Amino acid sequence: MALLPILCFPDPKLHTVARPVASVDGRIRQLVADMLETMYDASGIGLAATQVDVHERVVVIDVSEERNAPLVLINPEITWYSPEKQMNEEGCLSVPGVYDGVERATRIKVKAMDDQGQSREIEAEGILAVCVQHEMDHLLGKVFVEYLSPLKRNRIKTKMLKARRDTERA
């Protein structure tokens, strides 16, 4: 396994729409293992392949307290959204240190393959529903800050660019 570099907003590659995975093979299983290791190392609860500059429809999630219940979603599709929505504070490994409110459906149903290529459908609510919707946005080339006002988004962009410059100088 290997730690993968995580793209940081406003990297334009984060806006790439991911293509479907043709087949779940050893390469995809290795990508999943590397993504899980990267997510756990960064103390995240979700990671989309887009965030590690792999533009295929792969998501890993683990919202468990013990960090021992990984969920792998390959070619995920949300088949149902609840009409009820809720504002939740979200953060993102690609926008470190930034948290803000995003309104999302409180419950969803998702159809996807696991890392063995088996099709499955899951119902999610609470933090899992939020996380699935957030990660699937990445597969569509969307970062959570795009739900915020243009003023907030520009402030975040300026902050991220300054942090990158400061890191490059160090």
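Preceding this section is the structure that the text describes.
Anyway, here's the lowdown on the structure attached to this text. (Residues numbered from 1 in each chain as written. Predicted model: local features only at pLDDT ≥ 70, side-chain atom pairs only at ≥ 80, totals over all residues. Heavy atoms only, no water.)

To continue, consider the overall build of the protein chain. When helices and strands are tallied, the protein chain shows three helices and seven strands. Expressed as lengths along the three principal axes of its C-alpha atoms, the size of the protein chain is roughly 45 × 40 × 30 Å. Expressed as a percentage of the 170 residues in the protein chain, the buried residues total 44%. Across the protein chain, the fraction of contacts at a sequence separation of at least 24, relative to all contacts at a separation of at least 6, is 66%. Summed over its atoms, the accessible surface of the protein chain is roughly 9,000 Å², and 51% of this surface lies on carbon and sulfur atoms. Computing the positive centroid from 22 side-chain charges and the negative centroid from 26, the protein chain places the two 8 Å apart. (Helix = DSSP H or I, 4+ residues; strand = E, 2+ residues; numbered from the N terminus. Buried < 20%, exposed > 50% of the residue type's maximum accessible area, 1.4 Å probe, protein only. Contact = heavy atoms within 4.5 Å. Areas by Shrake-Rupley, 256 points an atom, 1.4 Å probe, with all protein chains shown as cover. Lys, Arg positive; Asp, Glu negative; His and termini not counted. Charge placed at Lys NZ, Arg CZ, Asp CG, Glu CD.)

So, about the sheet that holds strand β3 (residues 71-81). Strand order in the open sheet formed by five strands is β1-β2-β3-β6-β7, and the pairing between neighbours is antiparallel. Unpaired on one side and paired on the other, β1 (46-48) and β7 (119-125) mark the two borders of the sheet. Within this sheet the neighbouring strands show an average axis-to-axis angle of 40°, counted without direction. Bridge count for strand β6 (residues 107-113) against β7 is seven bridges, and the pairing is antiparallel. If you follow K111 over to β7, its bridge partner there is E121. Docked against the sheet, helix α1 (residues 26-41) engages β1, β2 (58-61) and β3, running at close to 40° with respect to β2. (Pairing = 2+ DSSP bridges. Axes fitted to C-alpha atoms, helices over the stretch in contact; angles between N-to-C directions.)

Turning to the pattern of salt bridges, a few remarks are in order. Counting across every chain of the model gives eight salt bridges. Of the charged contacts in the structure, one is a salt bridge between E56 and R27, with a shortest N-O distance of 2.8 Å. Of this pair, E56 sits in the loop between β1 and β2 while R27 sits in helix α1; the two residues are 29 residues apart in sequence, bridging distant segments of the chain. Classification of E56 by relative accessible area gives buried; the value is 5%. The shortest N-O distance in the salt bridge between D100 and K152 comes to 3.0 Å. Of this pair, D100 sits in strand β5 (residues 95-105) while K152 is found in helix α3 (residues 150-169), placing the two residues 52 residues apart along the sequence. Judged by its relative accessible area of 18%, D100 falls in the buried class. A single salt-bridge network, built from bridges that share partners, covers E90, R104 and D137. (Salt bridge = Lys/Arg side-chain N within 4 Å of Asp/Glu carboxyl O.)

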